[in-house]
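Analysis of the macromolecular model
Residues per chain, in single letters:
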Amino acid sequence: MLLIRCPYCEAERPEVEFTYAGEAHIARPADPSALSDDEWRDFLFIRTNPRGRHFERWRHMHGCGRFFNAVRDTVTDKFAMTYKAGAPRPSDEEVELAASAAASAAASAKEARP
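This is a predicted model, so every value here is computed, not measured. (Residues numbered from 1 in each chain as written. Predicted model: local features only at pLDDT ≥ 70, side-chain atom pairs only at ≥ 80, totals over all residues. Heavy atoms only, no water.)

**Brief notes about unusual backbone geometry**
- The residue H25 is not glycine, and still its phi comes out positive at about 65°.
- You can see H25 is positioned in the loop between β3 (19–23) and α1 (37–45).
- Within the chain, D77 stands out as a residue other than glycine whose phi angle is a positive 70°. (Helix = DSSP H or I, 4+ residues; strand = E, 2+ residues; numbered from the N terminus.)

**A word on the layout of surface pockets**
- Empty space within the largest pocket amounts to approximately 920 Å³.
- The wall of the largest pocket is formed by 28 residues, among which L3, E12, F79, A102 and A106 lie closest to the centre.
- Mapped by element, the contributors of at least two residues to the lining of the largest pocket are β1 (3–6), β5 (67–73), β6 (79–84) and α2 (92–112).
- When residues in the lining of the largest pocket are grouped by element, the largest group, nine residues, is from α2.
- By residue class, the composition of the lining of the largest pocket is 16 nonpolar, two polar and ten charged. (1 Å grid on protein atoms, 1.4 Å probe; cavity = no way out; pocket = protein on both sides within 12 Å on 5 of 7 lines; lining within 4 Å. Points joined across faces, edges and corners; volume = space filled by probe spheres on them. Nonpolar A, V, L, I, M, F, W, Y, C, P; charged D, E, K, R; others polar.)

**Digging into the side chain of E17**
- Mapped onto the elements, E17 comes out in the loop between β2 (11–14) and β3.
- The buried category is assigned to E17, whose relative accessible area is 12%.
- Other than its neighbours up to four places away in sequence, E17 contacts R59, H60, M61 and H62. (Buried < 20%, exposed > 50% of the residue type's maximum accessible area, 1.4 Å probe, protein only. Contact = heavy atoms within 4.5 Å.)

**Quick look at the sheet that holds β6**
- Taken together, the four strands give an open sheet; going across it, the order is β3-β4-β5-β6, and neighbouring strands pair in antiparallel fashion. At either margin of the open sheet sits one strand with a lone partner, and together these are β3 and β6. The mean inter-strand angle of the sheet, taken between neighbouring strand axes irrespective of direction, is 30°.
- Direction of pairing for β5 relative to β6: antiparallel, over a ladder of five bridges. Across the sheet, N69 pairs through a bridge with Y83, a residue of β6. (Pairing = 2+ DSSP bridges. Axes fitted to C-alpha atoms, helices over the stretch in contact; angles between N-to-C directions.)

**Here we look at a nonpolar patch on the surface**
- A cluster of nonpolar side chains, L44, F45 and I46, forms an exposed patch at the surface whose accessible area comes to about 330 Å².
- Mapped onto the fold, F45 is located in helix α1. (Patch = residues over 30% accessible without salt bridge, like charges linked within 9 Å, V, L, I, M, F, W, Y side chains within 5 Å. Areas by Shrake-Rupley, 256 points an atom, 1.4 Å probe, with all protein chains shown as cover. Salt bridge = Lys/Arg side-chain N within 4 Å of Asp/Glu carboxyl O.)

**Quick look at the pairing of β6**
- In terms of burial, β6 is largely enclosed, as five of its six residues are buried.
- In sequence, β5 turns back onto β6 through a hairpin of five residues, with D77 there showing a positive phi of about 70°.

**Here's the deal with the pattern of salt bridges**
- The tally for this structure, following the rule as stated, stands at seven salt bridges.
- The salt bridge involving R41 is made with D42; its shortest N-O contact spans 2.8 Å.
- In this structure R41 comes out as partly exposed when scored by relative accessible area, which is 40%.
- For D77, the salt bridge identified is with R72, shortest N-O distance 2.5 Å.
- Under the relative-accessibility criterion, D77 is labelled partly exposed at 30%.

Any functional reading would require information beyond the geometric quantities listed.
As structure tokens, then:
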């Protein structure tokens, strides 16, 4: 089972409490009526599908109910970090630092178990 950290509740909770809400940092067009049908289709349905690091939106459905953003590796399914909705996209250095901290915390927790 995955544990996901809610940046609002400031706690790690099981994945069953959360709902995936799509790709993060998608800017809505300023004037949707000015778009062609193909452009509108692309905005609504076409998303990146990277192998590796992906910026996603999640909702803590069975907790605080709030949306937040997460950085998840689509190959390993591990979360590098989560951050509040509306916050700017973190830099690669910030993501690496958060991922290292999370890995260290996980290793410490494993060592502490009997």
